[in-house]
Amino acid sequence: MSSNNKKRVFSGVQPTGSLHLGNYLGAIKNFVNLQNDFDCLYCIVDLHAITVWQNPVNLRANILDVASAYLACGIDPKKSIIFVQSSVPHHVELSWIFNCISRIGWLNRMTQFKEKAGKNKEKVSAGLYIYPNLMAADILLYLADLVPVGDDQKQHLELTRDIAQKFNNDYSEFGGKDFFPIPEPLILDESSRVMSLRDGTKKMSKSETSSMTRIELKDENDLIIKKISKAKTDAFPIPESIDELGNRPEVKNLLNIFSSLSEVPVLNILNNYAGKQFSDFKKDLSDLLIARLEPIRNELIRIEGDNGYLRDVLEDGAIRANEKSERNIKEIRKIIGLG
Ligand code: AMP
Ligand code: TRP
């Protein structure tokens, strides 16, 4: 809870590539909505990004890209704190403390590590393995109550809760009782998960080689039209009911995208298009995407042309985040016996 009695929200996005429609509908759009009711911190988690090698030139550009995307999508730096993780040193300090609280057995259960490491377990960085402890430090450093994330991050949130509980317990006699709030994930429903335009069973992702699988926030209108017209569908017309979408993942995905952008339930959209060909629907979907994304893209271009503005926002964010984290880390050190 923050000093003004509003609940505190924390979330982060990694600066590892161009942001896409999945990042927007599954994360950033929600960040924007939360800033009126909560005290929000939105971080660019560069220290998470380097758990996998990053070209320094690209990393520097990607950090600014995520910051511009936050702003262009509507995060207001007067209401929320926008900052870069590495500009607040306490994240690393608390993550070390959490490396000593978190258990190897807990980390071994993390499915994202297993997926990312694959058969290469012995060769990936130690950072990738303890990555969830750093994520717990991000959240708990600010005593955050709520964490908006995609459902792929749910397990990391559970680990964060376990770390908070274990810390509070282990140090209960030393001022740690109830010190950390037990943060709740804010996970949007399944429809906000955006799938690849080429394979409706895979998530739209920055790391997929073909950019035809995703709509990027920087895509020009013509490219949006092209990607949607080439998006995979099937030989059947648009169905009448949600039940009939069951084994048609690509169709379901396009309808979900339409629904998230227009905030109209899928059933109403089906009522409009049932029995029609995909070409009509795709035309309207492209128009809708352009109507939503063009202003964001224009704003991105404007912000990117104004380096001073971006630098000021991030400097101010770092100062405000440091003020909060400094207060908490001092108490944490005291509880542990480190000062
Ligand atoms: P990432 O791109 O993995 O760094 O994710 C940044 C944020 O966007 C996280 O909260 C993810 O859960 C969310 N996200 C990433 N890809 C998608 C997607 N395809 N659909 C919905 N949310 C997504
Ligand atoms: N692990 C998150 C992801 O890959 C990014 C992240 C890092 C994060 N720290 C966080 C998200 C703290 C929410 C809160 O998407």
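If you're wondering where the values come from, they're calculated on a predicted model, not measured in any experiment.

Thresholds applied
Within any chain, residue numbers begin from 1 and follow the written order of that chain's sequence. Working convention: letters from A go to chains and numbers from 1 go to ligands, in the order in which they are written. Local features are withheld for residues below a pLDDT of 70 in this predicted model, meaning they are given only at 70 or higher, and side-chain atom pairs are given and counted only at 80 or more; totals for whole chains, interfaces and linings count all residues. Side-chain calculation: all heavy atoms of the structure are included, whereas hydrogens and water are not. Domain start and end points were adopted from an automatic or database domain assignment. Contacts: residue pairs with any heavy atoms within 4.5 Å of one another. Buried area: the sum, over both parts, of the accessible surface (1.4 Å probe) that disappears when the two are put together. Here, a salt bridge means any Lys or Arg side-chain nitrogen found within 4 Å of an Asp or Glu carboxyl oxygen. Whether a residue is near a molecule or strand depends on its heavy atoms: it is near if one of them lies within 4 Å of it. Pairs of N or O atoms within 3.5 Å make up the polar contacts considered here, provided that, within protein, one atom can donate a hydrogen while the other can accept it, and that residues adjacent in sequence are counted only when both atoms are side-chain atoms. Note on areas: these come from Shrake-Rupley sampling with a 1.4 Å probe, and a residue is covered only by the protein chains present in the view. Buriedness of a pocket was judged along seven lines, with at least five required to meet protein on both sides within 12 Å; pockets are open sets of points on a 1 Å grid over the protein atoms alone, cavities are sets where a 1.4 Å probe fits but cannot get out, and lining residues have an atom within 4 Å of a point. If over half the atoms of a molecule are within 2 Å of the grid points of a cavity or pocket, the molecule is regarded as sitting in it. Helix numbering and strand numbering both begin at the N terminus, where a helix is a DSSP run of H or I of at least 4 residues and a strand a DSSP run of E of at least 2. Any residue that is not Ala, Val, Leu, Ile, Met, Phe, Trp, Tyr, Cys, Pro, Asp, Glu, Lys or Arg is counted as polar, Gly included; the first ten are nonpolar and the last four charged.

Right, let's get into the domain arrangement of the protein. Per the domain assignment, the segments making up the protein are domain 1 (8–193 + 307–336) and domain 2 (211–301). Placing a centre on the C-alpha atoms of domain 1 and another on those of domain 2 gives a separation of 31 Å. Across the contact, 16 residues belong to domain 1 and 17 residues belong to domain 2. Here domain 1 packs against domain 2, burying approximately 1400 Å² in sum over the two surfaces, 66% of which is carbon and sulfur. Linking domain 1 to domain 2 there are two salt bridges. Residues Lys 218 and Asp 65 are paired through a salt bridge, measuring 3.3 Å at the closest nitrogen-oxygen approach.

Turning to the site of ligand 1, a few remarks are in order. For ligand 1, the set of nearby residues contains 16 residues, the closest of which are Asn 23, Gly 150, Asp 152, Val 194 and Met 204. In this structure, a nitrogen atom belonging to ligand 1 sits 2.9 Å away from a main-chain N or O atom of Met 204. Contact between ligand 1 and Lys 206: an oxygen atom at 3.2 Å from a side-chain N or O atom of the residue. Isolated, ligand 1 exposes 480 Å² of accessible area, and the fraction of that covered by the protein chains is 87%. Among the cavities detected, the one that contains ligand 1 is the largest pocket. No other element matches the four residues that helix H1 (residues 21–34) contributes to the shell around ligand 1. A class-by-class count of the residues in the shell around ligand 1 yields five nonpolar, seven polar and four charged.

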